[in-house]
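Understanding the architecture of this molecule
Below, each chain spelled out in residue letters.
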Amino acid sequence: MRALVTGASGFIGSHLVERLLAEGAQVKCLVRRHSNLRWLKNLPVILSPGDFQDPASLARAVRDVEEVYHVAGATRAARRAEYFRANHQATVNLLRACRDHGPPGQKFIFISSLAAAGPSAGEPLAEDTPSRPVSAYGASKLLAEQAVLNFSRQRSATIIRPPVVYGPRDQEALLLFRSVQRGFHIIPGRGAQRLSLVHIQDLVAGILLASRRAQGRGEIYYLSGEQDCDWQDLGECLGRVLGRRVRTLYAPGWMIHLAGLAGSAISQLSRTPALWNLDKVKEIRQTYWLCSCRKARMELGFQPVMDLSEGLTATAAWYRRMGWL
Ligand SMILES: NC(=O)c1ccc[n+]([C@@H]2O[C@H](COP(=O)([O-])OP(=O)(O)OC[C@H]3O[C@@H](n4cnc5c(N)ncnc54)[C@H](OP(=O)(O)O)[C@@H]3O)[C@@H](O)[C@H]2O)c1
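Residues numbered from 1 in each chain as written. Predicted model: local features only at pLDDT ≥ 70, side-chain atom pairs only at ≥ 80, totals over all residues. Heavy atoms only, no water.

1. Examining the environment of Arg2
What counts, and what does not: Numbered from the N terminus, helices here are DSSP runs of H or I no shorter than four residues, and strands are runs of E no shorter than two. Whether two residues touch is decided by their heavy atoms; if any such pair falls within 4.5 Å, the residues are in contact. Any N or O atom pair separated by 3.5 Å or less is treated as a polar contact, with the protein-specific requirement of one donor-capable and one acceptor-capable atom, and with residues adjacent in sequence counted only for side-chain atom pairs.
Considering the arrangement of structural elements, one finds Arg2 in strand β1 (residues 2-6). Note: C-alpha distance between Arg2 and Lys28 (26 residues apart in sequence) is 7.6 Å. Discounting chain neighbours no more than four positions away, the residues touching Arg2 are Gln26, Asp64, Val65, Glu66 and Glu67. Within the structure, Arg2 has its side chain in polar contact with the side chain of Glu66 (distance 2.7 Å).

Structure below.
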């Protein structure tokens with residue numbers, strides 16, 4: 001089996017590459033000129049230099065692979081238009097290359113996001129709940145999904161919507177780990193937000209199941225872990241994992257908004273995506289980011305194995321080994 005992975009230099013993509021290699025696949029990685037190849041450099045992969053704005057490079061990347069895993073995407077951006085360029089336009093260009101240059105029977109697996117569907121009203125979202133994204137990031141992923149759905153009328157395509165993903169190499173959760181390690185747990189707002197999460201190991205296992213077992217007719221699957229949690233649960237669990245007594249601090253809404261305003265202003269001036277911006281503020285204000293993986297269980301046999309405590313313990317151990325924590 002030959003597979004192409006876009007976004008292979010990133011957190012999710014690099015784990016997917018390793019998993020595909022472990023299953024005996026030949027893996028090709030679409031990488032940009034400035035991609036950081038630290039997670040790929042010791043792996044027996046074929047690097048396919050390219051860019052989503054360069055159709056010839058996409059044609060070269062897709063023409064001899066049976067599976068295309070489109071993981072690349074911008075989770076933060078300096079401007080609204082950048083989300084749409086990196087998430088929607090890039091997907092449209094890649095789909096066009098697959099349509100024109102991909103071998104018959106090629107499978108396309110798109111890594112979207114729970115953000116494309118938007119927050120839930122309390123109950124975990126199912127795949128057929130109407131989508132109402134609240135952020136530019138979510139809206140750009142939803143538009144990309146629509147392009148994949150159109151494509152699925154002629155070619156095999158499947159959409160995966162992960163919630164928050166954590167595990168080794170993730171730099172976003174690292175900030176939370178570092179703060180708890182110092183004895184502080186900073187909770188946004190009043191701490192009422194509940195989240196679905198998935199450990200990277202469970203996510204990549206689910207992605208491969210989707211690629212092997214889904215019909216490829218534009219099905220959407222949520223892949224989440226067993227437990228959801230709120231910020232309090234997360235802080236307490238992490239405190240136990242790191243062996244720290246944790247003092248909880250609440251960041252009021254105005255402070256979160258001010259930080260978002262500052263992040264957006266700085267990133268617009270510097271033209272570099274900030275970790276925190278007004279788009280992320282829209283997401284953090286929602287109470288429920290919950291999804292159910294029931295459909296993936298029933299149709300794909302997806303069975304997440306990492307519980308939160310085990311997943312956080314494994315992640316902390318990796319951060320420590322790397323000297324990140
Ligand atoms: N992490 C999560 O919690 C989470 C949750 C739900 C969905 N997702 C989705 O999963 C995918 C991967 O996320 P991640 O957490 O692995 O992110 P990541 O570590 O930041 O990796 C992003 C990857 O996408 C590439 N990329 C970023 N912007 C790009 C652009 N403008 N044009 C082309 N390539 C670009 C990066 O390539 P370079 O190395 O060249 O920059 C990198 O390989 C994204 O599509 C994201 O929307 C992530």
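2. Digging into a nonpolar patch on the surface
Note the following rule: Note on patches: the residues involved have over 30% relative accessible area and no salt bridge, like charges join within 9 Å, and the nonpolar side chains Val, Leu, Ile, Met, Phe, Trp and Tyr join within 5 Å. Reported accessibility uses the Shrake-Rupley method at a 1.4 Å probe radius. Residues are deemed covered only where the shown protein chains occlude them. The term salt bridge refers to a side-chain nitrogen of Lys or Arg lying within 4 Å of a carboxyl oxygen of Asp or Glu.
On the surface, a cluster of nonpolar side chains totalling about 440 Å² of accessible area is made up of Trp254, Met255, Leu258 and Leu261. Take Leu258: it is sitting in helix α9 (residues 253-270).

3. Focus on the packing of helix α6 (residues 172-181) against helix α12 (residues 308-321)
So the rule is basically this: Every angle, taken between N-to-C directions, lies between 0 and 180 degrees, and every axis is a line fitted to C-alpha atoms, over only the stretch in contact when it is a helix. Convention used here: angles under 35 degrees read as roughly parallel, angles over 145 as roughly antiparallel, angles from 65 to 115 as roughly perpendicular, and any remaining angle as oblique. Under the scheme applied, nonpolar residues are Ala, Val, Leu, Ile, Met, Phe, Trp, Tyr, Cys and Pro; charged residues are Asp, Glu, Lys and Arg; polar residues are all the others, including Gly.
Contact geometry of α6 with α12 gives a least axis separation of 11 Å together with a crossing angle of 85°. Classified by the angle their axes make, α6 and α12 are roughly perpendicular. From α6, Ala173, Leu174, Phe177 and Gln181 reach across to α12, where they touch Leu312, Thr315, Ala316, Tyr319 and Arg320. Class assignment of the residues belonging to the contact of α6 with α12 gives a composition of six nonpolar, two polar and one charged.

4. Considerations on the pairing of strand β9 (residues 194-199)
This is how the line gets drawn: Residue exposure (1.4 Å probe, protein chains only): buried if accessible area is under 20% of the type maximum, exposed if over 50%, otherwise partly exposed. Whether two strands pair depends on DSSP finding at least two bridges between them.
The element β9 is extensively covered by neighbouring structure, given that five of its six residues are classed as buried. The pairing of strand β7 (residues 164-166) with β9 spans three bridges and is parallel. Of the residues in β9, the one forming a bridge with Tyr166 is His199. One ladder, built from three bridges, connects β9 with strand β11 (residues 228-230); its direction is antiparallel. Of the residues in β11, the one forming a bridge with Arg194 is Asp230. Inspection of the sheet shows β9 paired to strand β13 (residues 288-289) by two bridges, in the parallel sense. Bridge pairing links Leu195 to Trp289 in β13.

5. Thoughts on α9
Where we set the bar: A helix is expected to span 1.5 Å multiplied by its residue count minus one. Here, the arc refers to the directions that run from the helix axis to the C-beta atoms.
Along its 18 residues, α9 runs 26 Å from first to last C-alpha, staying within 8% of the 26 Å computed at 1.5 Å per residue. By the burial criterion, the buried members of α9 are Ile256, Gly260, Gly263, Ser264 and Ser267. Along the axis of α9, the buried positions cluster into a sector of 95°, meaning they face one direction only. Turned more than 90 degrees away from the buried face of α9, the exposed residues are Trp254, Leu258, Ile266 and Leu269. Check the buried side of α9 and you find it contacts β8 (184-188), β12 (247-251) and α10 (278-284). Just beyond α9, the residue with positive phi is Arg271, at close to 60°.

6. Focus on the site of the ligand
In plain terms, the rule: Nearness here has a simple test: a residue counts as near a molecule or strand if at least one of its heavy atoms is within 4 Å of that partner.
In the neighbourhood of the ligand, 23 residues make up the surrounding shell, with Ser9, Ser35, Val71, Tyr137 and Lys141 lying closest. For the ligand, an oxygen atom lies 2.9 Å from a polar atom in the side chain of Arg32. Gly73 places a polar main-chain atom, nitrogen or oxygen, 3.2 Å from an oxygen atom of the ligand. In the complex, the protein chains occlude 80% of the 890 Å² of accessible area that the ligand would expose alone. The set of elements that each furnish at least two residues to the shell around the ligand consists of α1 (11-22), α3 (80-101), α5 (136-151) and β7. For the shell around the ligand, the residue count by class is 12 nonpolar, eight polar and three charged.

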